[in-house]
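Residues per chain are reported as follows:
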Amino acid sequence: MSVDVTSVDRDTLVRPIEAFSKKYLAALAVALGLIGIWLVFYYQQLRHGLIVTNLADWGSGGGVPWGLYIGAFIWWVGIAHGGIILSAAVRLLGMDTYQPVARLAELLTIAALTCAGLFILIHVGRPDRLVTSVIPAWPTRVQWSPLMWDVTVITAYFVLTATYLALTIRYDIHRLRDRLPSLLDPVYSVLMIGYSEREDEIVERMVWWIAFAIIIMAPLLLHGGVIPWLFALLPSMAGWAGGVQGPSFLSIALTSAVSGIIIIAAAFRYAYGWEELIPDAVFRGLSQWLGFFSLIFLWLQLQQVITGIFAAPTTLQHATEVKISTPLYWVAIGLVLLAMLYAFAASLRPDLFSVRAMVALSVGVLVGTLAEKVLFVVEGLQHAHFSLYDGVPGAYVPSATELSALLGTIGIVALFFLVVSKVIPVVELHAIEDDHEEVKP
Amino acid sequence: MSVDESPVDDEDRYRRLLDETEYDTELGLEMARDAQRVSAGELSEVEFYERYHDRLVEEFAADEREVDLPDPDDVEADDIETGGAGFLDRLGAALEGVDPDDEESRRSVMKKGAAAAGAMGIAGWGTAQNAAGAGEGDGATGGGDGEGTRWGMTINLNNCDGCLSCMVACSQEHNLSQGANWMYVFAFEDEGQGDETNFLPRTCQHCTDSPCTKVCPVGARHTREEDGLVLTDYDICIGCRYCEVSCPYGVNYFQWGEPDVPESEIDDDHQIDDRGKWVGSRPPEGVMGKCTFCVDRQDGQMGEEKIGTTACEEACTMDAIHFGDLNDPESPPNQHLREYREGQGNDTSEFPDRKEHTVSTFKLMEERGTEPNVRFIGNEPSPHAEQVEGPVTYEEMGLVDDRKEVLDDGAAATQGGESA
């Protein structure tokens, strides 16, 4: 299923940069408002400490020391990793259909990784030490601490994605320079330092290899590796330990990322009348991928539930029983299931498909994966193997401060897209002009 | 290294490398060959150790460096074969200890060491060096190697009556915030024991193979090399709480808000240890705290007579808590266990294969492989044991059991600057 959008002209492509509307201002205000709400709460946290959250000590303390902050961290990292995997796959496998959304996926990765990093910052008790403590300790601690692996790999990934994006943008800016606002010339001059048309071919090759590296790193090191290892390697918590976490996390990352891309692509299409540039076929394809990834997500949940209740050790059995008796867990599963059923049904009966419905279901999937991840963190901590404490399982409901951070990060991602779309084309020129050479590494 | 390199090439290469140093090339190569035999199981580590000990000391001492290799006659096979505390690690640590100012000799020793290590294919070489350098080895420290001091406890559950004096003493001595129960006494009922209440005082277990030090991203949680204490460097800790989620025992208490006792009221002597690190007394806001085995006492900051004691032990009138050096057979924890066993002799007249005593001991969740340095006399709580209210309640003693209540109050009243 290939879609030809090469008839779309360059004016359409740069429409977000040139157009300006009240709707844009409203969106900007909402994004800034969300960030503002979070900053007010975060100021309180900085002033009084993490006591303003509903976190507490596990054990005699009757609480959980990790909660929504860590759950949301995993969620954002998942969206980021999934996003770049999809974009890299488009390049590596030549899936031209999805070329119009490839850069959106890359931008989503940058924004989501930033939010993930923010969650680490606001999760720790001494954010002021993140640089002074982490950098000197890196050479000795990176051998041991999964958290240090995590920081390392996420940083490497951020650099890789930013490089990838910076390299591919140069081609477009060079050719669209006359349509870009002269006000931003200094920005473009920096982005274009040392550019010559001779680099295009080389950059294409480089980008291919970066995409290749990303595809290899993603399952081995990222959402199939270091992120699940933060939990999977700890035998003290029954709900965490085990090899299934790697694949399970990866499936959640891909499911969330496709949902995120569907929402963002639909938003741009709606705002700028991009029906030609991002046609229905792109959404149909994305929804099929979403259906497929949702199936894998559900399958891995089934694996965990069945092994957890059939003849599991006492604590794992208890943790699993609590998980499946938590209504929120079934809400999460239900939302993903619904998206899967719709995606598959629409594949069989194409007239059932609507972008609007798919966007709604994608929002549902994102709610579901976030809920699942927070429950995973919290319920994991509530069922320690050492269960003599009366305060185990502890109690946890996120506080307003914690929830505000979630809104704040959503605001940051929205703000990021609103700003970036005014500076660079968020759909690459290659999507509409088929004049680039195929890369043969 | 290319794949087609033969062992002979290897040996030539190491010979050239060793020749560049001022030390005995033949010794290096001989050790390398024998090390391969150790790997192949043809030679035991003990034999290897004994074979080279004297020559190594002689070789390195020739340069007037102090190389602290233990006498082979004093070393038990177990000592050599346990974990990271083996001969090679000690050699690594000894080489690490070479005077850093003497760059020339240090370099040549390191070079020789590296050549020998390369020849032997010892992957652990770098690890041993780092462990010694970072002072937070996972096993190669003053922990379970049977040498030096290893602070630990024997807690006799049969003697404990649940009076909670230990909790109060600990809280006062370390200026803990409400609910941060570094020492925590469980009262519990167990299956098949009717209404009988049992007690279990729980400190930090100061594990020799502690998961919390492994996972700490910044090395704030560490094992003190000189005596195996597991401590938190309050100056480095970023407050990520990874130690807390990795600890199977739930002994960590984060400082969620402002501490109840302000910094100005705590003497530096109680906070700074003999290495100059801030590891004692309650943690500052945003940092992790837990039982330190009264590190200030062990460093002599509270007087010579307090070394080898803890606040909880001192407060215990029931003779339940016994603190001391587990490596010293005459220390209170070892002595108490021995005497208690002697007092509970088994009747072996009819069944000579019975063990000599009827005393049951355990370590908490020993199967987790953490090698706790606290051992208990009495019966281990079963998975079905349930915590109950003891004869003395936490409230009666001015303590808080469920810290979350304090924290929730604090969260609700942050505007008023409440602390917890």
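Here goes a summary of the coordinates provided. The shown structure was predicted, so the numbers you read here are calculated from the model rather than taken from an experiment.

## Some details on the pattern of salt bridges
All names here are of chain A. All told, the structure shown has 28 salt bridges over all chains when counted by the stated rule. Linking Asp 11 and Arg 179 is a salt bridge whose minimum nitrogen-to-oxygen distance equals 2.4 Å. Of this pair, Asp 11 sits in helix α1 (residues 10-13) while Arg 179 sits in the loop between α7 (146-176) and α8 (185-191), and the two are 168 residues apart along the sequence. For Asp 11, a relative accessible area of 41% puts it in the partly exposed group. We classify Arg 179 as partly exposed; its relative accessible area is 26%.

## Focus: the interface of chain A and chain B
The partner chain B presents 59 residues to the 50 residues of chain A that form the contact. Across the chain A to chain B interface the summed buried area is about 4600 Å²; carbon plus sulfur atoms make up 57%. Among the residues chain A hides against chain B, the three largest losses belong to A:Ile51, A:Asp57 and A:Leu388. Together they make up 16% of the total. The interface formed by chain A and chain B includes one salt bridge. A:Asp57 serves as the salt-bridge partner of B:Arg403, at 2.3 Å between the closest nitrogen and oxygen. Those elements that provide at least two residues to the side of chain A that touches chain B are α3 (22-48), α6 (130-141), α7 and α9 (199-232) of chain A.

## So, the sheet that holds strand β8 (residues 321-325) of chain B
Picture the strands of a sheet paired through backbone hydrogen bonds; they go either parallel or antiparallel. Residue and element names in this part refer to chain B. With respect to topology, four strands assemble into an open sheet ordered β8-β1-β10-β9, the strand pairing being mixed. The open sheet has two edge strands, β8 and β9 (361-362), and neither has a second partner. When strand β1 (residues 151-156) meets β8, the two strands line up antiparallel, connected through five bridges. Bridge pairing in β8 places Ile 155 opposite Ile 321. Here helix α14 (residues 332-343) sits on the sheet in contact with β1, β8, β9 and β10 (374-377), set at roughly 125 degrees to β8.

## Some points on the state of the cysteines
Two cysteines joined by a covalent bond between their sulfur atoms form a disulfide. Residues and elements named next belong to chain B. Scanning the model with the defined rule gives zero disulfides over all chains in all. A disulfide-free cysteine, Cys 204 has its sulfur positioned 5.4 Å from the sulfur of Cys 291, the nearest such atom. Free cysteine Cys 312: the closest other cysteine sulfur is in Cys 294, separated by 6.1 Å. With a relative accessible area of 7%, Cys 312 lands in the buried category.

## Re α14(B)
Residues and elements named next belong to chain B. Across its 12 residues, α14 extends 16 Å between first and last C-alpha, which sits within 8% of the 16 Å expected from 1.5 Å per residue. Listing the buried residues of α14 in full gives Pro 333, Asn 334, His 336, Leu 337 and Tyr 340. Along α14, the residues classed as buried sweep out an arc of 165 degrees about the axis, all on the same side. Residues of α14 that are exposed and angled more than 90 degrees away from the buried face: Glu 342 and Gly 343. The secondary structure elements touched by the buried residues of α14 are β1, β8, β9 and β10.

## Focus on the packing of helix α4 (residues 68-93) of chain A against α7(A)
All names here are of chain A. In contact at an axis separation of 12 Å, α4 and α7 are set at 40 degrees when each is read in the N-to-C sense. As the angle between them shows, α4 and α7 are arranged oblique. Relative to α7, α4 is oriented so that their crossing is left-handed. Residue-level inspection shows Phe 73, Val 77, His 81, Ile 84, Ile 85, Ser 87, Ala 88 and Arg 91 of α4 in contact with α7, the latter providing Asp 150, Ile 154, Tyr 157, Thr 161, Tyr 164 and Thr 168. Here the residues of the contact of α4 with α7 sort into eight nonpolar, four polar and two charged.

## Structural notes on α3(A)
Residue and element names in this part refer to chain A. With 27 residues, α3 should cover 39 Å at 1.5 Å per step; its first-to-last C-alpha distance of 39 Å lies within 8% of that length. Among the residues of α3, those classed as buried are Tyr 24, Ala 31, Ile 35, Trp 38, Tyr 42, Gln 44, Gln 45 and His 48. Elements in contact with the buried residues of α3: α4, α5 (99-123), α10 (245-272) and α15 (400-420). Just past α3, the residue Gly 49 takes up positive phi, approximately 95 degrees.

## Side note on unusual backbone geometry
The omega angle of the peptide bond from A:Val392 to A:Pro393 is 5 degrees, so this bond is cis rather than trans. Examined against the element boundaries, A:Pro393 turns out to sit in the loop between α14 (355-382) and α15. Although it is not a glycine, B:Asp319 adopts a positive phi angle of roughly 60 degrees. For B:Asp319, the position within the fold is in the loop between α13 (311-315) and β8. Note on B:Asp319: relative accessible area 44%, which makes it partly exposed.

## Regarding a negative patch on the surface
Residues B:Glu389, B:Glu395, B:Glu396, B:Glu405 and B:Asp409 make up a contiguous surface patch of negative charge. Within the fold, B:Asp409 resides in helix α15 (residues 403-412).

So, how was this worked out
- Residues numbered from 1 in each chain as written.
- Chains lettered and ligands numbered in written order.
- Predicted model: local features only at pLDDT ≥ 70, side-chain atom pairs only at ≥ 80, totals over all residues.
- Heavy atoms only, no water.
- Salt bridge = Lys/Arg side-chain N within 4 Å of Asp/Glu carboxyl O.
- Helix = DSSP H or I, 4+ residues; strand = E, 2+ residues; numbered from the N terminus.
- Buried < 20%, exposed > 50% of the residue type's maximum accessible area, 1.4 Å probe, protein only.
- Contact = heavy atoms within 4.5 Å.
- Buried area = accessible area lost by both parts, 1.4 Å probe.
- Pairing = 2+ DSSP bridges.
- Axes fitted to C-alpha atoms, helices over the stretch in contact; angles between N-to-C directions.
- Disulfide = S-S within 2.5 Å.
- Expected span 1.5 Å × (residues − 1).
- Arc of directions from axis to C-beta.
- Parallel < 35°, antiparallel > 145°, perpendicular 65-115°, else oblique.
- Left-handed = near helix turned anticlockwise from the far one by under 90°.
- Nonpolar A, V, L, I, M, F, W, Y, C, P; charged D, E, K, R; others polar.
- Patch = residues over 30% accessible without salt bridge, like charges linked within 9 Å, V, L, I, M, F, W, Y side chains within 5 Å.
- Areas by Shrake-Rupley, 256 points an atom, 1.4 Å probe, with all protein chains shown as cover.
- Lys, Arg positive; Asp, Glu negative; His and termini not counted.
- Charge placed at Lys NZ, Arg CZ, Asp CG, Glu CD.

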